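# Observations on the three-dimensional arrangement
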Amino acid sequence: MPAHIDAHKEAAMPLKDYQDALTRLQKGLAQAYKDSPQVLNVPGQSVACKVDPEYYLALEPVFTEILARWAVSFPEAVLETLARTGNVVVCRPLSTHIIPLSVSWGGRDFEVQATFLLADFVDRALKLYAGASAPLPVSDLRIRTDDRAAVEAFFGTLTPPKDLAYL
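An account of the accompanying structure is given in this report. Keep in mind the model is a prediction, meaning the values are calculated, not measured. (Residues numbered from 1 in each chain as written. Predicted model: local features only at pLDDT ≥ 70, side-chain atom pairs only at ≥ 80, totals over all residues. Heavy atoms only, no water.)

From N to C terminus, the chain includes six helices and five strands. For the chain, the sequential pattern of α-helices and β-strands runs α-α-β-β-α-α-β-β-α-β-α. For the chain, buried positions account for 42% of its 167 residues. For the chain, contacts bridging at least 24 residues in sequence account for 65% of all contacts bridging at least 6. As displayed, the chain has an accessible area near 9,400 Å², and 55% of this comes from carbon and sulfur atoms. Across the chain, the mean location of the 16 positive side-chain charges is 5 Å away from that of the 20 negative side-chain charges. (Helix = DSSP H or I, 4+ residues; strand = E, 2+ residues; numbered from the N terminus. Buried < 20%, exposed > 50% of the residue type's maximum accessible area, 1.4 Å probe, protein only. Contact = heavy atoms within 4.5 Å. Areas by Shrake-Rupley, 256 points an atom, 1.4 Å probe, with all protein chains shown as cover. Lys, Arg positive; Asp, Glu negative; His and termini not counted. Charge placed at Lys NZ, Arg CZ, Asp CG, Glu CD.)

The structure is reproduced here in structure tokens:
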């Protein structure tokens, strides 16, 4: 086939619809929460904790790997779906969703590889598929204040977590 026809075929391909994949992720997350509520919002036990009303801090790569298992998917597909739908914060200049952070809970500090999920993604999953009557509260997990400038730089033009996310 002539090159110009191949190029036209590629250009005419429809954009990928991520809604089915997003629904699968939310259903998988909700089922895991129903089976074992400590998968969310319990520092030291959970894969993700709400750090302010707008964001969950999730541990990477374990969050993506476990969510892939819950949703019967692949980690790359999970990340692509979350990024393309705007449900995970991606640092544009660095093209990464992972930021190293110092976090604190229970009077102890920990170094983690983290990602930020929109709270709406998790809260909607729990409401629609786990029967939650209200969003989860902000957890006891806090980001060390020393990392605030790095978090704000990571978020770029997006609104970063609020003051209550820091200790």
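From this point, things continue past the structure.
It is worth spelling out the environment of Tyr33 at this point. Considering the arrangement of structural elements, one finds Tyr33 in helix H2 (residues 19–35). Overall, the relative accessible area of 18% leaves Tyr33 in the buried class. Taking the C-alpha atoms as reference, Tyr33 lies 9.7 Å from Ala125; in sequence the two are 92 residues apart. With residues up to four places along the chain from it excluded, the contact list for Tyr33 reads Val39, Leu40, Leu126, Ala130 and Leu136.

This part is about helix H6 (residues 148–155). Where H6 is concerned, the buried positions are Val151, Phe154 and Phe155. Buried positions in H6, seen along its axis, are confined to an arc of 95° and lie on one side of it. In H6, the exposed positions angled more than 90 degrees off the buried face are occupied by Ala149 and Ala153. Turning to H6, the residues buried within the fold contact strand E2 (55–59), strand E3 (99–105), strand E4 (108–118) and strand E5 (142–143). Downstream of H6 by one or two residues, Gly156 has phi in the positive range, about 60°. (Arc of directions from axis to C-beta.)

A few words on the sheet that holds E5. Here five strands make up an open sheet; going across it, the order is E1-E2-E4-E3-E5 and the pairing antiparallel. If you trace the sheet from one side to the other, it starts and ends with strand E1 (48–52) and E5, each paired once. Of the pairings in the sheet, the one linking E2 to E4 comprises five bridges and is antiparallel in character. Within E4, the position partnered with Tyr56 by the bridge is Leu117. Of the strands in this sheet, E1, E2 and E4 are in contact with helix H5 (residues 119–130), which crosses E4 at around 75°. (Pairing = 2+ DSSP bridges. Axes fitted to C-alpha atoms, helices over the stretch in contact; angles between N-to-C directions.)

On to the packing of H2 against helix H4 (residues 75–84), then. Closest axis-to-axis distance for the H2/H4 pair is 10 Å, and the angle between their directions is 110°. Of the possible angle classes, the one that applies to H2 and H4 is roughly perpendicular. Pair H2 / H4 crosses with left-handed handedness. In this structure, H2 uses Ala21, Leu22 and Leu25 to contact H4, whose residues at the interface are Val78, Thr81 and Leu82. Per-class residue counts for the contact of H2 with H4 are five nonpolar, one polar and no charged. (Parallel < 35°, antiparallel > 145°, perpendicular 65-115°, else oblique. Left-handed = near helix turned anticlockwise from the far one by under 90°. Nonpolar A, V, L, I, M, F, W, Y, C, P; charged D, E, K, R; others polar.)

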